[in-house]
Amino acid sequence: MSIRVLLVDDEKLERVLIRNGFDWESNGFEIVGEAGTGEEALEYMMHKKPQLVLTDISMPHMDGLELSEQILKISPDCHIIIVTGYREFDYARRALKIGVEDFLLKPVNINEISELANKIKVKIKQEEKQVQAVEELKASVLADQDIVMESFFQRLVENRIPKDEARRKLMLYNCENLMVECICLNIQLREDVDEQKLSKEHKEIINLIRQQDYQNFVCFTHYMQNIILYFTNHKYESVIELAAVLHDKLTNTAKILATIGISECNQGFQGISKAFEESKKALSASIFLGRNRSVTYKEYEEVMNQNQNKEEIDWENFLFALQNSLTDKVNEYIQEYVELIQCSRVTDIEYYRLMIMNILTRAGTTLNKYGMSLAQLVGEERLYKEVRLINTLNEMAEYLSQTLRIIMNYHESKKLKQKNKVVVEATAFIDKNLFDPELSLKLVASKIYSNESYLSRVFKKEKEISLIEYILKNRIEESIRLLNTTDLKVYEIAEKIGFRDSHYFSICFKKQTGVTVKEFKRSKN
C-alpha cells in the first residue's frame, strides 16, 4: 500500500520540481495533493489524510512551522519535512520542538529527497506493523476474555463455582443481578447436522440475540453447544413473550430450527443453577410436546405431576454404574425404574415417553465430560423417532437397555484410549530417560500426571511386564550392546546405563540373561 504524500509550497515551480524530480510512485509513494497555502494544506489533511508532508517554511498568512503545529494536532502520526532556504538555528530548534522530522535546504537536491523519503518510508512501515501488532494483541485479549467469561458461566450454571468467587466475577462482568433472580432460556439446535452448519447457526443466533433490544441479560454458548440466555429483572410473562418473538425470528427470518426450554423465575445464588436445570428438563419434554417450539418448565411439570408415586431410583448410584459399565447393575436400575412407572398407574403413553427421556437425559450427562451428548452419540433424529415408536413398558425397558448399552460402550472405549494414552506417555518418558539413575515408577507417574498405582496396573496389563521390569530389561539390553562393542569396565557400563551400584547391575544382568557378566564376556571371546 502506497504512502500518501502532500506537497506544500506557495511557489508552484518548487512543487513541480519536487514532484517530477523523484519517481515517487515506483518508490512506494502516492502524491495525494499539492497546496499553495497552509489553509489549503489543512483541507487536504482533513480529507486525504497524508502520512508524509513536505512543506516550505516561508508562506503567506501561515508559515510552515505554524502549519506543522496544526498538522500534528490533527494527525500526530504524520511525518513532516521542512523545505527551506533559511539556515538560522532558531528555525531548526523550533521545528524540532514541534516534532518536524527533518529539513531540506533550497535549492532542493533530489538525491536528498530520495534518501530522506525512503528513510521515512521504512519508519512508517515499522509504525504500521506496530499498530497492527497492537490491534492483533487487543483482538487476542478480547477473544481470550470472551473464552474466560464463557468458561466461567458454563461452570456457574452447573453449580461448580463457590458463591464468593461467583459474586466477585459477576460484579466484574456487571451481571450481579443474576444472584437476585433469573429466568433461563436454553436454546437447542438439531445436533445431527454437520459441524460446519451447526457452528454457522450458532453464530447467527448469537448475532440475532445481540441485535435485539434486550435489557439485563446474559448470553453464552454452553460447552454442550446449547445457547444459554439468562434474563434478570424481567417478569416471567414478558420473558415468555420475548422467547416467542425470538423463536419466530429464528424460524422465519434465520430459517433455523431450534427448541427453547424456559425455566421458572428463580431467586438467589442457587437459583442460577436451578434455572439451568429447569430449562434442560423443559427441553426433554419436547419429545412429545413437539420440537421447534418453546417449552416451559410448567409444561414439563404438568406431565410429571401425573405420577402419583413420588419415589425415584438412586440416581447417583445409577450414574456411577453407567460410567463404570456395570451392566447387571444398570439393568437392575432399569427394571426398578420401569416398575416405579408401572406403580404410578398412569396410562398415558406420552408420559411413558417423557419418562424415557427423563432417564436418558440424566444418563446423557455422563457424556458431557467428553464434550459429547446423547443426541450426538445416537443421532438426534433417530433418538426422537425411536422414542416416539415406544408404546408399552416392555418396549420401554428393552429400548433403555439398548441405549444405555451404547453409552456404556462409549465410556469403555474412552477408558481404553485413556489407558493406552497413559502407557504410551509412560513408555516415551522411560525411553527418553532410560539411563537416568533417578528413573522410577514414582518419577514416571509424576511426569505424566498419573497415579502410581493406576500406572503400574495399566502398564503391566498393556505390556505384560511391570514398569520396573521394562526399565531393567531395556537397560540390560543396552549393557549387552556395550559389552559387545566397547572395552568399558563393568562398573563403567553400570554407571552409563543408570545403575549406581555395579554389584546390583551384575545381579540384574544374571537374572535377565541367565549368565554372569564375566561368563558373558568369556563366551564372546
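Residues numbered from 1 in each chain as written. Predicted model: local features only at pLDDT ≥ 70, side-chain atom pairs only at ≥ 80, totals over all residues. Heavy atoms only, no water.

1. Looking at the environment of Asp213
Selection criterion: Here a strand is any run of E in DSSP of at least two residues, a helix any run of H or I of at least four, and the numbering for each starts at the N terminus. Categorising residues by exposure relies on relative accessible area from a 1.4 Å probe, with only protein chains included: less than 20% of the type maximum marks a residue as buried, more than 50% marks it as exposed, and the intermediate range marks it as partly exposed.
Mapped onto the secondary structure, Asp213 falls in the loop between α7 (195–211) and β7 (217–221). Residue Asp213 is classed as exposed on the basis of its relative accessible area of 69%. Distance in space between the C-alpha atoms of Asp213 and Glu301 is 31 Å, their sequence separation being 88 residues.

2. So, the pairing of strand β1 (residues 3–8)
What counts is decided by this rule: A pair of strands counts as paired when DSSP detects no fewer than two bridges linking them. By convention, orient the strands away from the viewer: a clockwise path from the first strand over the helix to the second makes the crossover right-handed.
β1 sits mainly inside the fold: five of its six residues count as buried. Two strands pair when backbone bridges link them, and β1 and strand β2 (residues 29–35) are joined in this way by six bridges, in the parallel orientation. By the bridge assignment for β2, Ile3 is matched with Phe29. With respect to chirality, the unit in which β1 leads through helix α1 (residues 12–21) into the neighbouring parallel β2 is right-handed. Of the pairings in the sheet, the one linking β1 to strand β3 (residues 52–56) comprises four bridges and is parallel in character. Paired with Val8 across the strands is Thr55, a residue of β3.

3. Overview of the side chain of Ser450
Selection rule: Note on contacts: a residue pair is in contact if any heavy atoms of the two residues lie within 4.5 Å.
Considering the arrangement of structural elements, one finds Ser450 in the loop between α18 (441–447) and α19 (452–463). Contacts of Ser450, omitting those with residues within four sequence positions, involve Val422, Ala445 and Leu455.

4. Considerations on the sheet that holds β2
Strand pairs in the sheet, formed through backbone hydrogen bonds, run parallel or antiparallel to each other. Worth spelling out the cut-off: Inter-axis angles, ranging from 0 to 180 degrees, are taken between N-to-C directions of lines fitted to C-alpha atoms, where helices are fitted over the stretch in contact.
Spatially, the five strands line up as an open sheet ordered β2-β1-β3-β4-β5, and their pairing is parallel. A strand with exactly one partner marks an edge of an open sheet, and here the two such strands are β2 and β5 (102–105). Adjacent strand axes in the sheet meet at a mean angle of 20 degrees, parallel and antiparallel pairs treated alike. With respect to the sheet, α1 is in contact with β1, β2, β3 and β4 (79–84), its orientation differing from that of β2 by roughly 175 degrees. Here helix α2 (residues 38–48) sits on the sheet and contacts β1, β2 and β3; the angle it forms with β2, its principal contact strand, is near 140 degrees.

5. Thoughts on the pattern of salt bridges
Where we set the bar: Only one rule defines a salt bridge in this text: a Lys or Arg side-chain nitrogen within 4 Å of an Asp or Glu carboxyl oxygen.
Inspection of the entire model under this criterion finds 13 salt bridges. Among the salt bridges present, the one from Glu158 reaches Arg160, with a minimum N-O distance of 3.0 Å. With a closest N to O distance of 2.8 Å, Arg293 and Glu299 form a salt bridge. Residue Arg293 is classed as partly exposed on the basis of its relative accessible area, which comes to 25%.

6. Looking at the nonpolar core
Put simply, the rule is: Nonpolar cores are built from buried Ala, Val, Leu, Ile, Met, Phe, Trp, Tyr and Cys residues. Side-chain atoms within 4.5 Å join them into one set.
In terms of nonpolar packing, the biggest core is built from 37 residues, with Phe318, Tyr337, Leu360, Met396 and Leu404 touching the most fellow members. Secondary-structure elements contributing two or more residues to this core are α12 (315–323), α13 (327–343), α14 (349–364), α15 (374–378), α16 (380–388) and α17 (393–432). The greatest single-element share of this core, amounting to nine residues, is contributed by α17. With residues up to four places along the chain from it excluded, the contact list for Met396 reads Tyr337, Ile341, Tyr352, Met355, Ile356 and Ile390. If you look at the next biggest cluster of nonpolar residues, it comprises 22 residues, including Phe231, Val239, Ile260 and Ile262.

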